[in-house]
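# Survey of secondary and tertiary structure
Single-letter residue listing:
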Amino acid sequence: MATASINKVFLGVDVGSGSSRAALITDTGKLLAIHSTPFSTSRPAPDYFEQSSDEIWASICTSVKATLQLAKVDPSQIHGIGFDATCSLVAYTSGTPETAQPVSISPSSNFEDHNHNIIMWCDHRAKDQAIRITETRHDILKNIGGVMSLEMELPKTLWLQENMTKDQWNRIGRLFDLPDFLTWKATGDYLPSRCSVVCKWCYKAGPESGDSSSHHNNQGWPEDFLRQIGLGEIADGDCQKLCGVGNEGQRVHFAGEHIGGLTEQAAKDLGLVAGTPVGGAVIDAYAGAIGTLGARMNGLSPTVDEARKRISMICGTSSCHLVMSDKPIFVSGIWGPFHGVMLPDMWVAEGGQSSTGQLIDYLTKSHPAYSEAVERASSSKPAVSVYEFLNQHLETVAKKRALTSIAYLTKRLHMTPDHHGNRAPFADETMRGSISGLDLNSNTLDGLAILYLATIQALALGARQILDALCVAGYTIEKICISGGLSLNRIFVKVLADVTQFPVVLPGSGGDAAVVVGAAVCGAVAYQSSLTGSGTSMDGLLWEAMARLTEASDVIEPDHDPALKRFYENKFRIVEKMQQDQREFNKIMDE
């Protein structure tokens, strides 16, 4: 195999909602190659989303090997590996990666189909459990906005315990967040990341993270909380069932921190070299933040203080909004603040929208004119995606109607984007989407394009609600650093800038690659921290890598036209009124 004329290459692995990606970057941040391999999702019932860890690992192996081939890189050149993944729940028996077996989480097979051993992040089966956990009003809930989300891991764990037989439940030896499953599979060690356990499991790490008499030296699993919510059996077992980390003699790892080398089996699976350093994993949204918040602009690297005024917005199937601060700032309905889950000395707040790209797909693909749009897109010269065709068609319709901006096409069409509940800033999974202004022409191609635009605007207005809540609470935001698939949609990016009135920074790696590049940055940190040795301070390592290996490609400025600003301000008022009306409607129907 021919090899690239470089000494050090870093590998990033990103597991999203429907595919695994691998990317290789040099020690100057140049992206050498990227490859994606899809995997399946089963939906056996409404709001149930299930996956297979075996299938995901196989897809990772395919992507890694393909990326090596594309880049013409020899495995010996890989000096560090970083993993990120969705915060999905993985069930396994006890044992090593070679001996342990997947455990079914699927009631449709009476928990016998062990190929379905992942409850996906967007699975909403644990609604009742999440409500009961919130009702405890335990102090630790203040770190997740006061409301336990049914998308987090403890409600899903409680659901499994309450719906499995005793024998089925006892078969589970370990429950992982998916990022930590990947590092266990790679290294054989139960060494979960601070990012996963703090953000999704209510693990306490750092100051001001909630009072609990069972915390050990201000860090660890809140055993009294686990007992209060019905997971006392796990607490009695020193919490070993949760990611394999008990409260005695264990620690969790910072993003990218060296946790071990590839095992012989993992190296064989991936086509890499045994012993290659592996770093502490992160949730996929945090990888997107790592890939964007430190990006150089016009050749200049930001300071950490400047990066605190940037918010990372990762827009894929769902969206996450991550902002840093040097002190804890609590915001109702916003997850966090979480200490040390990205940079070791920083707090992170996390807003989110449960359905963004997914919502656009759903509303466009279910429209009567969608097939016509696909046909028109494929027959264009050159052929374009259906969404770029709709972007172009919006401009045609606006011109035909003598409008100065495509934005005005939705003057009478308004939408709330809460079709899969509202993650932030209301933390209300019962909220639902609504549309006002449909007419008998809505089923045409023009109607599809305008509905598509209304959906984009609704998502941007929902993002503004999150940013407003953060700013009111004390965060300072001056720029949006966007990544994910929707960052490639020029209309989405422009509407986001115009609605929020913030510049939107596009990553140099390409929006869709920024997340997996963030994982590769963690691979660079893994290599560096492997040289300094176990227990060495991680202060500065990740930030230095972020500033050195990432850059911005462009900045989309908001339109300050007074008429357009007034238009979006009016639509914002309408969205908030529609959400309030929905609450009133629900009260009426509950009488």
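Residues numbered from 1 in each chain as written. Predicted model: local features only at pLDDT ≥ 70, side-chain atom pairs only at ≥ 80, totals over all residues. Heavy atoms only, no water.

Heads up, the condition is: UniProt positions are given in the numbering used here, feature names are shortened, and annotations may be inferred rather than shown by experiment.
In the annotation of an unreviewed UniProt entry, the entry for the chain reads FGGY carbohydrate kinase domain-containing protein, and the organism field reads Linnemannia schmuckeri. The record held by UniProt for the chain lists under Sequence similarities (unreviewed entry) the comment "Belongs to the FGGY kinase family."

### Section: the sheet that holds strand β6 (residues 89-92)
Pairing between the strands of a sheet is mediated by backbone hydrogen bonds and can be parallel or antiparallel. Quick reminder of the rule: DSSP-based pairing: two strands are paired if at least 2 bridges between them are found. Helix and strand definitions here come from DSSP, where helices need a minimum of 4 consecutive H or I residues and strands a minimum of 2 consecutive E residues; each element is numbered from the N-terminal end. The contact criterion used is simple: two residues touch if any of their non-hydrogen atoms lie within 4.5 Å. With axes taken as lines fitted to C-alpha atoms, and helix axes fitted only over the stretch in contact, angles between N-to-C directions fall between 0 and 180 degrees.
Spatially, the four strands line up as an open sheet ordered β4-β7-β6-β8, and their pairing is antiparallel. Both edges of this open sheet fall to β4 (50-51) and β8 (174-177), since each of them pairs with a single strand only. Looking at chain direction, β4 and strand β7 (residues 118-119) are connected through two bridges and run antiparallel. Residue pairing in the sheet places E50 in a bridge with I119 of β7. Across the face of the sheet, helix α1 (residues 53-71) comes into contact with β4, β6 and β7 while running at roughly 110 degrees to β6. Across the face of the sheet, helix α6 (residues 194-201) comes into contact with β6 and β8 while running at roughly 100 degrees to β8.

### So, the UniProt feature "domain: Carbohydrate kinase FGGY N-terminal" (unreviewed entry) in the chain
When the UniProt feature table is mapped onto this chain numbering, "domain: Carbohydrate kinase FGGY N-terminal" (unreviewed entry) sits at residues 10-84. Taken end to end, residues 10-84 is 25% helix and 41% strand, and its first and last C-alpha atoms sit 14 Å apart.

### Some details on the packing of helix α15 (residues 445-473) against helix α19 (residues 562-589)
To keep things clear, this is the line we draw: An angle counts as roughly parallel when it lies under 35 degrees, as roughly antiparallel when it exceeds 145, as roughly perpendicular when it falls between 65 and 115, and as oblique in every other case. The nonpolar class holds Ala, Val, Leu, Ile, Met, Phe, Trp, Tyr, Cys and Pro. Asp, Glu, Lys and Arg form the charged class, and all remaining residues, Gly among them, are polar.
Contact geometry for α15 and α19: axes closest at 10 Å, N-to-C directions at 80 degrees. Classified by the angle their axes make, α15 and α19 are roughly perpendicular. Contacts from Q457, L461, R464, Q465 and D468 of α15 reach α19 at F567, Y568, E569, K571, F572, V575, E576 and Q579. By residue class, the composition of the contact of α15 with α19 is five nonpolar, three polar and five charged.

### Quick look at helix α12 (residues 357-365)
Selection criterion: Only protein chains enter the area calculation, which uses a 1.4 Å probe; residues under 20% of their type maximum are buried, those over 50% are exposed, and those in between are partly exposed. Think of it as the arc spanned by the lines of direction from the helix axis to the C-beta atoms.
If you check which residues of α12 are buried, you get G357, L359, I360, L363 and T364. In an axial view of α12, the angular spread of the buried residues amounts to 160 degrees, which keeps them on one side of the axis. Looking at the packing, one finds that the buried side of α12 touches α13 (370-378), α14 (386-400), β18 (414-416) and α15.

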